[in-house]
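# Survey of secondary and tertiary structure
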Amino acid sequence: MRGKLVVGNWKMNGGLRQNDALLGDLRAAWTAPPGRQLAVCVPYPYLWQAQAALSGSAIAWGAQSVSEHAGGAFTGEVSAAMVAEFGCRYAIVGHSERRALFGEADAAVAAKAVAALAAGMTPIVCVGETLGEREAGATETVVLRQLDAVIAAVAMQLAALVVAYEPVWAIGTGRTATPEQAEAVHGAIRGAILERYGRDRADAVRIIYGGSVNDENVDSLVSKPDIDGALVGGASLKADSFARIVRARTR
Ligand code: 13P
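Heads up: these notes are all about the structure in this document.

Quick notes on the rules
Residues numbered from 1 in each chain as written. Predicted model: local features only at pLDDT ≥ 70, side-chain atom pairs only at ≥ 80, totals over all residues. Heavy atoms only, no water. Core = buried A, V, L, I, M, F, W, Y, C linked by side-chain atoms within 4.5 Å. Buried < 20%, exposed > 50% of the residue type's maximum accessible area, 1.4 Å probe, protein only. Contact = heavy atoms within 4.5 Å. Axes fitted to C-alpha atoms, helices over the stretch in contact; angles between N-to-C directions. Helix = DSSP H or I, 4+ residues; strand = E, 2+ residues; numbered from the N terminus. Left-handed = near helix turned anticlockwise from the far one by under 90°. Disulfide = S-S within 2.5 Å. 1 Å grid on protein atoms, 1.4 Å probe; cavity = no way out; pocket = protein on both sides within 12 Å on 5 of 7 lines; lining within 4 Å. Points joined across faces, edges and corners; volume = space filled by probe spheres on them. Nonpolar A, V, L, I, M, F, W, Y, C, P; charged D, E, K, R; others polar.

Another point: the nonpolar core. Ranked by internal contacts, the top residues of the largest apolar core, which has 67 residues, are Val40, Ile189 and Tyr209. Not counting residues within four places of it along the chain, the set of residues in contact with Val40 comprises Gly8, Trp10, Leu23, Leu26, Leu54, Ala60, Trp61, Gly62 and Phe242. In this structure, Ala60, Cys126, Ala164 and Leu231 belong to the second largest nonpolar core, which totals 13 residues.

Shown next as structure tokens:
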């Protein structure tokens, strides 16, 4: 069955010296029990540092985005093949900050997921509604629309995705979705996959939750049947809080 996965998303934080300390502390703190996986997604320039610090450990690393393009005249872009050369197992695609601040639309997110898969990585596909969309009762419609675009593009490789449900109103706000709110959306996502692609794929896809996850709320979230782990922003930047999160009930 699906194991639990906890992923730290450093966002645009870090520095050579502090990364050394954080990665070293994480490595020292973490031994992986069966069925649990841990990864950190770091800024591009630090991928080599994550690779050097974490190679041979049970902690994987990844990028926070990849270009939808394979290569060429795309100044400032970084391709999936490039980050894969640094041993990335994961690439986040379609984070709400990328969608809202950098204009990434569903089609681009889908192309990025395809690029990540083609480079041998697992895309972590972020979906989530804004507060206005939730209040308008449009949560499921929005989330399933975002996901459909990716699923249509990756087709048979659906089971290789990780889906991250990150309600935009819960990101960096300290306002977490309740376990019941999160489970309702996770269940809807899995239900939609089940209906269209069958039980095997629905059972295989990992759906993790993100949005103000910390060491106090993680247990109640990941104990829900359809919540397969967490995507952690702020609380992944301190080894002690992140270690407490990954040791929580992620089994
Ligand atoms: P926070 O955990 O800081 O709310 O961020 C969540 C997130 O966006 C992870 O990708």
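Time to look at the packing of helix H1 (residues 16-29) against helix H11 (residues 239-247). The N-to-C vectors of H1 and H11 enclose an angle of 30°; their axes lie 10 Å apart at closest approach. As for how H1 packs across H11, the hand of that crossing is right-handed. Between H1 and H11, the residues in contact are Leu22, Asp25, Leu26 and Ala29 and Ala239, Phe242, Ala243 and Arg247, respectively.

Let us now look at the state of the cysteines. Per the stated rule, a full pass over the model turns up zero disulfides. Residue Cys41 stays outside any disulfide, its sulfur separated by 7.6 Å from that of Cys88, the closest cysteine. According to the relative accessible area criterion, Cys41 is buried, its value standing at 0%. Cys126 takes part in no disulfide bond, and the closest cysteine sulfur, belonging to Cys41, lies 9.1 Å away. Residue Cys126 is classed as buried on the basis of its relative accessible area, which comes to 2%.

Below, the discussion takes up empty space enclosed by the protein. A probe matching the size of a water molecule, rolled over the atoms, marks out where space remains unfilled. The final tally for this structure, using the stated rule, is one cavity of 30 Å³ or more. Of the volumes computed, that of the largest cavity is approximately 30 Å³. Leu144, Leu147, Asp148, Ile151, Ala192, Ile193, Arg196 and Tyr197 together form the lining of the largest cavity. Split by residue class, the lining of the largest cavity holds six nonpolar, no polar and two charged.

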